[in-house]
Amino acid sequence: MASRLGTVLVGGGSGFIGSALSKVLRTAGYDVITVSRKPGVWRITWEDLANDGLPDNCVAVVSLAGQNILDPRRRWTAGFKQNVWASRVNTTKSLADAIQNIKTPPEVFATISGVEGQQSSYNPLSCSTMTTIFCYYKPSQETEYTEDSPGGDHDFLAELCRKWESAGDLPLELQVRRIIVRSGVVLGRHGGMIQQMFWPFFLGLGGPISSGTQYMPWIHLDDIVGIFFHAITNNHVSGILNGVAPQVITNGDFTKAFSRAMWRPAIIPVPKFALNFAFDTERAVIMTEGQKVIPKRTLETGYKYKYPDIQSACKNLARLIYVDEK
């Protein structure tokens, strides 16, 4: 029997953020169908989407798909850059096309974009599955960015962000509420940066990236999921939302907070030259530079953060035996 709340289609629903969002949506009473490369229970493939369109009673569509840009096994070649581009822009465009081709479109189309690259605080040369968020806003130690600030034009990654966002544009006459969440570094125990750095930090091998003075827009997994859920379920929410915590910190601040939460030292820095060598300078900037980003519109919509400061977030994530708090 179909849910009375309707169906939410999630592109990339099996990933780090997508699986957590799907769980919250199902708990709230929605049916959730994932779009992925492989078919399965409550899944469709991208080919199915192109051929058959959106599922029945689809009330919301969410785009979260994208290939990991910081995979150290892949060189920063023209071919890999094209794969990264296609995995975000083309999938979002596919969802937008499906929305336009259905007789009764969904109420809301929410997509993810980025303000910052994933900044690790241990040696990422050993990391194989880091989650990546792109740099929409230009790296700066002086400028304070809100949702109204310009961006998306200073390098390849910024242009990718801009095209990624525009791929989801819809005709106004469809009256589909459009939401773009520009996410910061997502902190969650079962994926992304924390999953990769937990045991190195536990063993006392943690440390900042380069000088650690670069800003690090961040957000707890529960809050990025919470922002999407808040946006999907509240009709007054639309437009661009910065998916970052209200507390502005540097990479060094994060390193200190997480090491203190784990009661471990964190004094082994990752030098900038090593990252430039391993990832190429254009890609390494994701980790070595940062931006001061404020969630101005996100707060104005009435969203209440579960983890507004890095100390409470790290305390939650640093436990040896981790149980989700819902």
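Here the structure is shown first, and the text comes after it.
Residues numbered from 1 in each chain as written. Predicted model: local features only at pLDDT ≥ 70, side-chain atom pairs only at ≥ 80, totals over all residues. Heavy atoms only, no water.

**A closer look at the overall build of the chain**
Consideration 1: Scanning the chain for helices and strands turns up eleven helices and eleven strands.
Consideration 2: Radius of gyration (C-alpha) of the chain: 19 Å, near the 20 Å computed for a compact globule of 326 residues.
Consideration 3: Expressed as lengths along the three principal axes of its C-alpha atoms, the size of the chain is roughly 60 × 40 × 40 Å.
Consideration 4: Scored against the burial criterion, the 326 residues of the chain give a buried share of 57%.
Consideration 5: Measuring between centres, the 33 positive side-chain charges of the chain sit 6 Å from its 29 negative side-chain charges. (Helix = DSSP H or I, 4+ residues; strand = E, 2+ residues; numbered from the N terminus. Rg over C-alpha atoms; globule rule 2.2 N^0.38 Å. Buried < 20%, exposed > 50% of the residue type's maximum accessible area, 1.4 Å probe, protein only. Lys, Arg positive; Asp, Glu negative; His and termini not counted. Charge placed at Lys NZ, Arg CZ, Asp CG, Glu CD.)

**Section: the sheet that holds strand 10 (residues 239-243)**
Consideration 1: Read from one edge to the other, the open sheet built from seven strands follows the order 3-2-1-4-5-7-10, with strand pairing classed as parallel. Edge positions in the open sheet fall to strand 3 (43-45) and strand 10, since each of these has one partner strand only. Direction aside, neighbouring strands of the sheet carry axes that sit 20 degrees apart on average.
Consideration 2: Relative to strand 7 (residues 177-183), strand 5 (residues 108-114) is paired through seven bridges, and the arrangement is parallel. Across the sheet, the residue bridging to Thr111 is Ile180, located in strand 7.
Consideration 3: Taken strand by strand, helix 4 (residues 156-166) contacts strand 5 and strand 7, and its axis lies near 175 degrees from that of strand 5.
Consideration 4: Sheet contacts for helix 6 (residues 221-233): strand 4 (58-63), strand 5, strand 7 and strand 10; angle to strand 7, the most-contacted strand, approximately 170 degrees. (Pairing = 2+ DSSP bridges. Axes fitted to C-alpha atoms, helices over the stretch in contact; angles between N-to-C directions. Contact = heavy atoms within 4.5 Å.)

**Concerning a nonpolar patch on the surface**
Consideration 1: A surface patch of nonpolar side chains, about 430 Å² in accessible area, is lined by Leu203, Leu205, Ile267 and Ile268.
Consideration 2: Secondary-structure assignment places Leu203 in the loop between helix 5 (192-202) and strand 9 (218-220).
Consideration 3: Exposure remark for Leu203: the relative accessible area of 60% places this residue in the exposed category. (Patch = residues over 30% accessible without salt bridge, like charges linked within 9 Å, V, L, I, M, F, W, Y side chains within 5 Å. Areas by Shrake-Rupley, 256 points an atom, 1.4 Å probe, with all protein chains shown as cover. Salt bridge = Lys/Arg side-chain N within 4 Å of Asp/Glu carboxyl O.)

**A word on the packing of aromatic side chains**
Aromatic ring pairs: the centre-centre distance and the angle between the two ring planes describe each pair.
Consideration 1: Using the criterion set out here, one finds nine aromatic pairs in the structure.
Consideration 2: Aromatic side chains Trp85 and Phe156 sit 5.9 Å apart centroid to centroid with 45 degrees between the ring planes, which places their arrangement in the tilted category. In this pair, Trp85 is assigned in helix 3 (residues 78-100) and Phe156 in helix 4, connecting sequence segments 71 residues apart. Of the two residues examined, Trp85 and Phe156, each falls in the buried class.
Consideration 3: Centroid distance Phe254 to Phe258: 5.8 Å. Interplanar angle 15 degrees. Geometry classified as stacked. Here Phe258 and Phe254 lie together in helix 7 (residues 251-262), a separation of four residues that amounts to about one turn. (Phe/Tyr/Trp six-rings, centres within 6.5 Å; stacked < 30°, edge-to-face > 60°.)

**Considerations on the pattern of salt bridges**
Consideration 1: In the structure shown here, the tally under the stated rule is five salt bridges.
Consideration 2: Across the pair Lys93 and Asp97 runs a salt bridge, and its minimum N-O distance is 2.8 Å. Taken together, the residues span about one helical turn, with Lys93 and Asp97 both in helix 3 at a distance of four residues.
Consideration 3: Lys306 is paired through a salt bridge with Asp222; the nearest N and O atoms lie 3.5 Å apart. Linking Lys306 in the loop between helix 10 (296-300) and helix 11 (310-317) with Asp222 in helix 6, this pair joins segments that are 84 residues apart in sequence.
Consideration 4: Of the residues examined, Lys306 reaches a relative accessible area of 40% and is grouped as partly exposed.

**Side note on helix 1 (residues 16-28)**
Consideration 1: Look at helix 1: 19 Å from first C-alpha to last across 13 residues, which is about the 18 Å you get at 1.5 Å a residue.
Consideration 2: Among the residues of helix 1, those classed as buried are Phe16, Ile17, Gly18, Ala20, Leu21, Ser22 and Leu25.
Consideration 3: Gly29 sits one or two residues past helix 1 and shows a positive phi near 110 degrees. (Expected span 1.5 Å × (residues − 1).)

**Details of the nonpolar core**
Consideration 1: Grouped together as the largest cluster of nonpolar side chains are 52 residues, with contacts concentrated most on Val8, Ile17, Val62, Leu64, Leu221, Ile224 and Phe228.
Consideration 2: Considering every element that reaches this core, the biggest residue donor is helix 6, with seven residues.
Consideration 3: Excluding residues that lie within four positions of it along the chain, Leu221 makes contacts with Phe16, Ile17, Ala20, Val186, Leu187 and Gly188.
Consideration 4: Ile194, Phe254, Ala257 and Ala318 belong to the second largest nonpolar core, which has 23 residues in total. (Core = buried A, V, L, I, M, F, W, Y, C linked by side-chain atoms within 4.5 Å.)

**Observations regarding the packing of helix 1 against helix 6**
Consideration 1: Where helix 1 contacts helix 6, the two axes come as close as 9 Å, and the packing angle between them is 55 degrees. Taken together, the axis directions place helix 1 and helix 6 in an arrangement best described as oblique. The handedness of the crossing between helix 1 and helix 6 is right-handed. Here helix 1 contributes Phe16, Ile17, Ala20, Leu21, Val24, Leu25 and Ala28 to the contact with helix 6, which in turn contributes Leu221, Ile224, Val225, Phe228, Phe229 and Ile232.
Consideration 2: For the contact of helix 1 with helix 6, the class distribution of residues is 13 nonpolar, no polar and no charged. (Parallel < 35°, antiparallel > 145°, perpendicular 65-115°, else oblique. Left-handed = near helix turned anticlockwise from the far one by under 90°. Nonpolar A, V, L, I, M, F, W, Y, C, P; charged D, E, K, R; others polar.)

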